[in-house]
Amino acid sequence: MANVPKDLKYTREHEWAKQEGDRVRVGITAYAQEQLGDVVFVELPKVGAKVTASKNFGVVESVKAVSDLFAPVSGEVVEINGELSQKPETVNQDTYGRGWMIVVKPSNGGEWDQLLTPQQYEEFLAQAAH
Amino acid sequence: MSDAPLKRTPLHAAHVAAGARMVPFGGWDMPVQYRGILEEHRTVRGAVGLFDVSHMGEFECEGAAALAALQSVTTNDVAALEIGQVQYSVFCYPNGTIVDDLTVYRLAPDRYMVTVNASNLDKDYAWVTDHATSARWRNVSDETGLIAVQGPKAEALVGRLADRDVTKIGYYRFARGAVAGVAALISRTGYTGEDGFELYTAAADTPRLWAALLDTGRADGVAPIGLGARDTLRLEMKYVLYGNDIDDTTNALEAGLGWVVKPAKGDFVGRDALEKIRAEGVRRRLVGIEMVDKAIARHGYPVQKDGRAVGIVTSGSYGPSVDKYIAMAYVETALASVGTELAVEIRGQAKAARVVRTPFHPSRVKKA
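Values in this document were obtained by computation on a predicted structure and should not be read as measured data.

About the criteria used
Residues numbered from 1 in each chain as written. Chains lettered and ligands numbered in written order. Predicted model: local features only at pLDDT ≥ 70, side-chain atom pairs only at ≥ 80, totals over all residues. Helix = DSSP H or I, 4+ residues; strand = E, 2+ residues; numbered from the N terminus. Rg over C-alpha atoms; globule rule 2.2 N^0.38 Å. Buried ≥ 20, exposed ≤ 12 C-beta atoms within 10 Å, placed from the backbone. Contact = placed C-beta atoms within 7 Å. Pairing = 2+ DSSP bridges. Axes fitted to C-alpha atoms, helices over the stretch in contact; angles between N-to-C directions. Parallel < 35°, antiparallel > 145°, perpendicular 65-115°, else oblique. Left-handed = near helix turned anticlockwise from the far one by under 90°. Nonpolar A, V, L, I, M, F, W, Y, C, P; charged D, E, K, R; others polar. Domains from an automatic or database assignment. Core = buried A, V, L, I, M, F, W, Y, C linked by C-beta atoms within 7 Å.

J.: Can you lay out the overall build of chain B for me, pointing to particular residues and giving the numbers?
T.: Regarding its fold elements, chain B presents eight helices and 19 strands. By the compact-globule yardstick of 21 Å for 368 residues, chain B fits well, its C-alpha radius of gyration being 20 Å. If one aligns the C-alpha atoms of chain B with their principal axes, the spans along those axes are about 60 × 45 × 45 Å. Across the 368 residues in chain B, those meeting the buried criterion constitute 51%. Within chain B, contacts between residues at least 6 apart in sequence are counted, and of these 67% link residues at least 24 apart.

As structure tokens, then:
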């Protein structure tokens, strides 16, 4: 079973979200990076861009596949991980750390409560395995 | 796609036991990766890798008219083949588009073997038995296993296990021998741009040979390599892949395969069309492109010049050994020269690219 840290929330599209004060940091889960394999390209929005919950905000590509990234919450992108354009492999190496993708200033606090808890995400992964 | 169960090579159990990620490919359940595509790619460029290519098809072609039969369905000149020699070739439709690409082995004066792509096996066998009827054909695919040993240490590894001096086998030549006690046709060919061999064996012997190569090659850093790295390795060499870069809509000349189209040998299926295309000049050409903007061009993405559609991407990925995003694309002939600035439309945006010299990575095949 893939690593699912207890202090994060999750989407069904395999993004993680971490509350940091009034902001939310976003990345993809250990399960997602394992499924993708070697990440060789990450395309992120610009700082200042608006993202919408459950909508595509960027792209992560492995050697073989292109996968959309989905925003866990709506809001404004206040930070992006510029390191990923030079070192996309960071996503594989440190998924929940240096492999983060964007930081969002949420515009709708209610969306946070809609995200999956670690336990719900683990159950979701267990179902997906069958 | 059909719902038929996926076929398994003689090495299927070994792949599963090694923890490979298995995917459907051309009707087969095949390993796409073991430890990771990038690492496997670098293993082949830097040491030696083993590929299970037992899914590929092998036909034997025999009889006094075998040569004539092969000449009538292939574009290259089979008469130029000596016994022990291999030739790259193409089966064409009458309009010059491609049934499949293949290799022809001359086993004996009147006996040949043809190796074809797994995904085209049934179509190819129907094609040759319909169009090259003067020979006796036998589909030996199910009884044949095939392991490719590729990389700078391939010669040393195969040499240690072989009962003959494999350094004497030249590029696109083969010899019979035993490798790890397993009877094999040892062919100095491959699909990676590295030196190496393809070892044809009886299907039942293939797992024993695979295990011996892995065991003996440990000191060389040998590893099994999946289809993912096979694809990035061949892309860096601009080797075409049927279904991606060539198919029944692309002709052999625009695909850059003119070097194996030999109309002077006599008639063959597609000859008239290809002669006409050659005389008139191809309208588009398969070129290598490198992304200038950061983005990955993938199969089917449009190619543009100043906003105008001028071609299409056929294969593209990250090239691990060149450390660039590279692709192959058909573009209008006038835009095919090295240095031409183009764009690839990626998710609605024009991303800058340019035509570059190929292969993207220097070939290190052993040309005697």
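Let us keep going from here.
J.: Could you give an account of the overall build of chain A, naming the residues involved and the relevant values?
T.: Tallying secondary structure elements over chain A gives four helices and nine strands in all. Helices (α) and strands (β) of chain A occur, in sequence order from the N terminus, as β-β-β-α-β-β-β-β-β-α-α-β-α. The C-alpha radius of gyration computed for chain A amounts to 14 Å, which stays within 12% of the reference 14 Å derived for 130 residues, consistent with globular compactness. Considering only C-alpha atoms, chain A reaches an extent of 35 × 35 × 20 Å along its principal axes. When each of the 130 residues of chain A is scored for burial, the buried share is 42%. Taking as baseline every contact in chain A between residues at least 6 positions apart, the subset at least 24 positions apart corresponds to 64%.

J.: Now, about the pairing of strand β16 (residues 308–319) of chain B: what can you tell me, with residues and values included?
T.: Residue and element names in this part refer to chain B. Counted residue by residue, β16 has nine buried out of twelve residues, so it is predominantly covered. Bridge count for strand β15 (residues 302–305) against β16 is four bridges, and the pairing is antiparallel. Counted as the bridge partner of P302 is I312 from β16.

J.: Can you tell me about the packing of helix α2 (residues 37–46) of chain B against helix α7 (residues 227–236) of chain B, naming the residues and giving the values?
T.: Residues and elements named next belong to chain B. Where α2 meets α7, the axes come as close as 8 Å, and the angle between the chain directions of the two elements is 55 degrees. Taken together, the axes of α2 and α7 are oblique relative to one another. With respect to the hand of their crossing, α2 and α7 are arranged in right-handed fashion. Two secondary-structure elements touch here, α2 through I37, E40, H41 and V44 and α7 through G228, A229, T232 and L233. Taken together, the residues that form the contact of α2 with α7 break down as four nonpolar, three polar and one charged.

J.: If you had to explain the sheet that holds strand β5 (residues 86–92) of chain B to someone new, which residues and values would you point to?
T.: Residues and elements named next belong to chain B. Across the sheet, which stays open at both edges, the five strands sit in the order β5-β6-β7-β4-β8 with antiparallel pairing between neighbours. The two strands at the open ends of the sheet, each matched to only one other strand, are β5 and β8 (136–139). The mean inter-strand angle of the sheet, taken between neighbouring strand axes irrespective of direction, is 30 degrees. In this sheet, strand β7 (residues 111–116) lies alongside strand β6 (residues 98–108) in antiparallel orientation, the contact comprising six bridges. From the neighbouring strand, Y105 faces β7, where its bridge partner is M113.

J.: Quick rundown of the domain arrangement of chain B? Include the residues and the values.
T.: All names here are of chain B. If you check the domain split of chain B, you get domain 1 (12–49 + 142–236), domain 2 (57–139) and domain 3 (283–356). Placing a centre on the C-alpha atoms of domain 1 and another on those of domain 2 gives a separation of 24 Å. With ten residues of domain 1 in contact, the opposing surface of domain 2 contributes eight residues.

J.: I'd like a rundown of the interface of chain A and chain B, residues and numbers included.
T.: Listed by partner, the interface residues are nine residues for chain A and eleven residues for chain B. Taken together, the residues of the side of chain A that touches chain B sort by class into four nonpolar, two polar and three charged.

J.: So what's going on with the nonpolar core? Residues and values would help.
T.: The biggest cluster of nonpolar side chains holds 141 residues, and the ones touching the most others in it are I147(B), V149(B), V179(B), I186(B) and A297(B). Looking at which element gives the most residues to this core, the answer is strand β17 (residues 324–332) of chain B, with seven residues.

J.: With reference to specific residues and values, describe the sheet that holds strand β18 (residues 341–346) of chain B.
T.: All names here are of chain B. With antiparallel pairing, six strands are arranged side by side around a closed barrel as β14-β17-β16-β15-β18-β19. Taking each pair of neighbouring strands and ignoring which way they run, the sheet shows an average axis angle of 45 degrees. Two elements, β15 and β18, share two bridges in a ladder whose sense is antiparallel. When the bridges of β18 are listed, V303 appears paired with V344. α7 rests against β16 and β17 of the sheet, and its axis sits at about 125 degrees to β16.

J.: Residue-level account of unusual backbone geometry, with values.
T.: The omega angle of the peptide bond from T358(B) to P359(B) is 0 degrees, so this bond is cis rather than trans. If you trace the backbone, P359(B) turns up in the segment after β19 (349–356). Phi is positive for S54(A), which is not a glycine, with a value near 70 degrees. Inspection of the secondary structure puts S54(A) in the loop between β5 (50–51) and β6 (56–62). Residue classification places S54(A) among the partly exposed residues on the basis of 14 C-beta atoms within 10 Å. In this model, K238(B) sits at a positive phi of 60 degrees, which is unusual for a non-glycine residue. Topologically, K238(B) is positioned in the loop between α7 and α8 (271–280).

J.: Give me the lowdown on α7(B), citing residues and values where you can.
T.: Residues and elements named next belong to chain B. Counting buried residues along α7, ten of its ten residues qualify, which places the element largely inside the surrounding structure. Taken as a whole, α7 has its buried residues at L227, G228, A229, R230, D231, T232, L233, R234, L235 and E236. Against the buried residues of α7 lie β1 (21–25), β2 (28–33), α2, β3 (49–52), β16 and β17. Where α7 ends, the next residue or the one after it, K238, has phi of about 60 degrees, a positive value.

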